[in-house]
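Residue-level structure breakdown
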Amino acid sequence: MTAATTPSSMSAARRGFMASGLGVALFSSAVFGISGSFAKALLETGWSPGAAVTARLTGAALILAIPAIPALRGRWHQVRENWVTIVLFGLIGVAACQLFYFNAVARLSVGVALLLEYLAPVIIVLWLWAASRKRPRALTFGGTLLSLAGLVLVLDLTGAVKIDVIGVFWGIAAAVCLAMYFFITAKENDSLPPIVLASGGLMVGASVMWLAAATGLLPMAFSTADTRLGPWITPWWVSLGGLVVLATVLAYVSGIMAARALGSKVASFVSLTEVLFAVVWAWLLLGELPGAIQLLGGALIVGGVILVRLDELRSPAFATASATEAEAPRRKAASPLEHANDVEPVP
């Protein structure tokens, strides 16, 4: 056995991979991607999308409050100064985005629902194009067209299996909320710890969901029936616990760690693997697998988003930000779509 393949060298390579942030980012994508499978397992036993979202947000908010309070170090003025960002993040990036996505999952396969949500970068490009009346650069324009072509294939309009139109609208609504989230958090803000924004947003989202339920605006249906995850029949709290602990708390914490290690742009680029993880999880746990034409469409959507991301990475704003960060870590020149607080939205 050569030195390059000794157990110690392999272990060192694994530690280096995790330390670089790439391993953490992939782990974050994997646990984010399982949310749809856990949610659908609950929905199939009688849970309403609103109930699943509310339980998820409430549980995660309570758990994340434990590290968030010490992170403030008594500086509660940071919360007061950033309350607008926290409220908007909770309303749109957390509550609305998740509710729309879970409604889509209730009517579509997990993979198709997530692919629709990942049209958010394309929506951003189209909105900026319409607002500025300035045509995007060639790479962004090509990526947008590629994603739109992929959308047509994902919907499989001429296929034998008719796709649920209402589910498609829910998926696109989730994409719009995700696009709005990027705009909300684009403002540079180093005064609010990411874990505090995450915890505060989850608390706001949970409060809004409970208020909507109390006023009768949001149907709430819970069930204690056993859920099915792959070949296993499990108590309902196993799926709910997985949704809260794995797909929310661990996903958020690891996402923040990855964003800090890699930078928000690179971390969000790696987060595209969430689509692949979601499809694999849905296949393993729910027996769902999009058709061949939908998988091809999904590949086009992801490919188009990759082109848009690559164009961002090549932009002068990103080059300026990279140089600034290298010279002074606390100073950043943010591009229009920069995640100010390194917090990813929860799908």
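All values reported here derive from a predicted model rather than from experimental measurement. (Residues numbered from 1 in each chain as written. Predicted model: local features only at pLDDT ≥ 70, side-chain atom pairs only at ≥ 80, totals over all residues. Heavy atoms only, no water.)

1. Structural notes on helix 2 (residues 22–33)
For helix 2, spanning twelve residues, the distance from its first C-alpha to its last is 16 Å, which sits close to the expected 16 Å at 1.5 Å a residue. Of all the twelve residues making up helix 2, nine are buried; the element is thus mostly covered by neighbouring parts of the structure. Taken residue by residue, helix 2 has Gly 23, Val 24, Ala 25, Ser 28, Ser 29, Ala 30, Val 31, Phe 32 and Gly 33 as its buried positions. (Helix = DSSP H or I, 4+ residues; strand = E, 2+ residues; numbered from the N terminus. Expected span 1.5 Å × (residues − 1). Buried < 20%, exposed > 50% of the residue type's maximum accessible area, 1.4 Å probe, protein only.)

2. Some details on the packing of helix 11 (residues 194–214) against helix 12 (residues 236–262)
Contact pair helix 11 / helix 12: the axes reach a minimum separation of 10 Å and the direction vectors enclose 150°. Relative to helix 12, the element helix 11 is oriented roughly antiparallel. At the point where helix 11 passes helix 12, the crossing takes the right-handed sense. Between helix 11, through Pro 194, Ile 195, Ala 198 and Leu 202, and helix 12, the contact on the second element is made entirely by Thr 248, Tyr 252, Val 253, Ile 256 and Arg 260. Looking at side-chain class alone, the contact of helix 11 with helix 12 contains seven nonpolar, one polar and one charged residues. (Axes fitted to C-alpha atoms, helices over the stretch in contact; angles between N-to-C directions. Parallel < 35°, antiparallel > 145°, perpendicular 65-115°, else oblique. Left-handed = near helix turned anticlockwise from the far one by under 90°. Contact = heavy atoms within 4.5 Å. Nonpolar A, V, L, I, M, F, W, Y, C, P; charged D, E, K, R; others polar.)

3. Brief notes about the packing of aromatic side chains
Summed over all chains, the structure comprises five aromatic pairs. Ring centres of Trp 47 and Phe 222 lie 5.1 Å apart, and the angle between their planes is 75°; this geometry places the pair in the edge-to-face category. Here Trp 47 is found in the loop between helix 3 (35–43) and helix 4 (49–72), whereas its partner Phe 222 is found in the loop between helix 11 and strand 1 (227–229), with 175 residues between them in sequence. Accessibility expressed as a relative area gives 6% for Trp 47, which makes it buried. When the ring of Phe 100 is compared with that of Trp 170, the centres are 5.4 Å apart and the planes differ by 35°; the resulting orientation is tilted. Residue Phe 100 is located in helix 6 (residues 83–107), and its partner Trp 170 is located in helix 10 (residues 165–184); the two are separated by 70 residues in the primary sequence. (Phe/Tyr/Trp six-rings, centres within 6.5 Å; stacked < 30°, edge-to-face > 60°.)

These results come straight from atomic positions and should not be treated as a statement about function.
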